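Topology and contacts: notes
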Amino acid sequence: MRRSLRLCLFTSKVRLEPGMMPEIVDERRGTIAGPPGRSTQDRTAAAVFAAIELAGFIFYVVAARNVWFFRDDWEFLAERRFNLHDLLAQHGGHWVALPLAVYRAMYFVVGLRSYLPYQLMTIVLHLVAALLLRAVMRRAGGNPWVATLVAGGYGFFGSGRQDVLWAFQIAF
């Protein structure tokens with residue numbers, strides 16, 4: 001049998017000893033608060049959001065099956081090298097050192113045999129952005145279902161299908 005120690009919210013400090021389980025007692029209400037945790041509603045909404053993210057991942061991978069390198073992809077792969085001049089050169093008015101470094105690393109690792117690894121970068125980054133959107137909404141005190149619906153909608157429709165499927169959009 002575990003010993004317990006009642007910590008009162010409105011009294012002095014009490015010292016915990018090994019093996020004691022703290023309980024928070026609100027003397028005004030005479031209630032014992034349970035351990036902090038997520039409610040069933042939170043867990044269910046999180047599970048639904050995880051399913052939405054998985055469905056979004058599958059959707060984007062299937063939609064991307066017929067896309068290949070085009071336009072700006074070729075500038076990063078064929079025209080630019082991994083040197084200081086090319087890292088500092090702009091593309092369409094944007095500094096693109098990090099995307100160029102990522103493209104050159106991907107080219108070194110997987111080459112040009114498949115566009116899917118390049119697409120997976122943008123797909124995963126987009127779905128992570130949806131996850132972060134939901135996390136920010138929950139931390140701000142938003143309802144778990146509203147956060148799930150808004151972030152899930154962003155996951156499917158946020159920045160447009162063509163931008164999620166075109167790996168070059170990692171630059172923007």
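In case you missed it, the structure is sitting above this.
Scope of this entry: the structure provided in the associated data block.

Now for the environment of Asn66. Tracing the chain through its elements places Asn66 in the loop between α1 (40-63) and α2 (72-79). Residue class for Asn66 comes out exposed when judged on its relative accessible area of 69%. For the pair Asn66 and Tyr115, spaced 49 residues apart in sequence, the C-alpha separation works out to 9.4 Å.

A word on α1. With 24 residues, α1 extends 34 Å between its outermost C-alpha atoms, agreeing within 8% with the 34 Å of an ideal straight helix rising 1.5 Å per residue. Restricting attention to buried positions, one finds in α1 the residues Asp42, Ala45, Phe49, Glu53, Gly56 and Tyr60.

Turning to the packing of aromatic side chains, a few remarks are in order. Using the criterion set out here, one finds 4 aromatic pairs in the structure. Ring centres of Tyr103 and Tyr118 lie 5.4 Å apart, and the angle between their planes is 45 degrees; this geometry places the pair in the tilted category. Remark: Tyr118 occurs in helix α5 (residues 116-139) and Tyr103 occurs in helix α4 (residues 97-110); sequence separation between them is 15 residues. The structure contains a cluster of three or more aromatic residues connected by ring pairs, namely Phe59, Tyr60 and Phe156.

Attention now moves to the packing of α5 against helix α6 (residues 144-157). Where α5 contacts α6, the axes come no closer than 9 Å and their chain directions differ by 160 degrees. As judged from the angle between their axes, α5 and α6 are roughly antiparallel. With respect to the hand of their crossing, α5 and α6 are arranged in right-handed fashion. Contacts between α5 and α6 involve His126, Leu127, Ala129, Ala130, Leu133, Arg134, Met137 and Arg138 from the former and Pro144, Val146, Ala147, Thr148, Val150, Ala151, Tyr154 and Gly155 from the latter. Class assignment for the residues of the contact of α5 with α6 results in 11 nonpolar, 3 polar and 2 charged.

Glancing now at the nonpolar core. By size, the foremost hydrophobic cluster in this structure holds 6 residues: Phe69, Tyr103, Met106, Tyr115, Tyr118 and Met121. Elements represented by at least two residues in this core include exactly α4 and α5.

As a packed pair, α1 and α6 sit with axes 9 Å apart at the nearest point and diverge in direction by 5 degrees. Judged by the angle between their axes, α1 and α6 are roughly parallel. Listed contacts from α6 to Gln41, Asp42, Thr44, Ala45, Val48, Phe49, Ile52, Ala55, Gly56, Phe59 and Tyr60 of α1 are Pro144, Trp145, Thr148, Ala151, Gly152, Gly155, Phe156 and Phe157. Here the contact of α1 with α6 is built from residues that sort into 12 nonpolar, 6 polar and 1 charged.

Let's shift gears to the pattern of salt bridges. Under the definition given, this model contains 1 salt bridge. The salt bridge involving Arg138 is made with Asp42; its shortest N-O contact spans 3.0 Å. Highlighted residues: Arg138 in helix α5 and Asp42 in helix α1, separated in sequence by 96 residues. Looking at Asp42, the relative accessible area reads 16%, which means it is buried.

What counts, and where the lines are drawn
- Residues numbered from 1 in each chain as written.
- Predicted model: local features only at pLDDT ≥ 70, side-chain atom pairs only at ≥ 80, totals over all residues.
- Heavy atoms only, no water.
- Helix = DSSP H or I, 4+ residues; strand = E, 2+ residues; numbered from the N terminus.
- Buried < 20%, exposed > 50% of the residue type's maximum accessible area, 1.4 Å probe, protein only.
- Expected span 1.5 Å × (residues − 1).
- Phe/Tyr/Trp six-rings, centres within 6.5 Å; stacked < 30°, edge-to-face > 60°.
- Axes fitted to C-alpha atoms, helices over the stretch in contact; angles between N-to-C directions.
- Parallel < 35°, antiparallel > 145°, perpendicular 65-115°, else oblique.
- Left-handed = near helix turned anticlockwise from the far one by under 90°.
- Contact = heavy atoms within 4.5 Å.
- Nonpolar A, V, L, I, M, F, W, Y, C, P; charged D, E, K, R; others polar.
- Core = buried A, V, L, I, M, F, W, Y, C linked by side-chain atoms within 4.5 Å.
- Salt bridge = Lys/Arg side-chain N within 4 Å of Asp/Glu carboxyl O.

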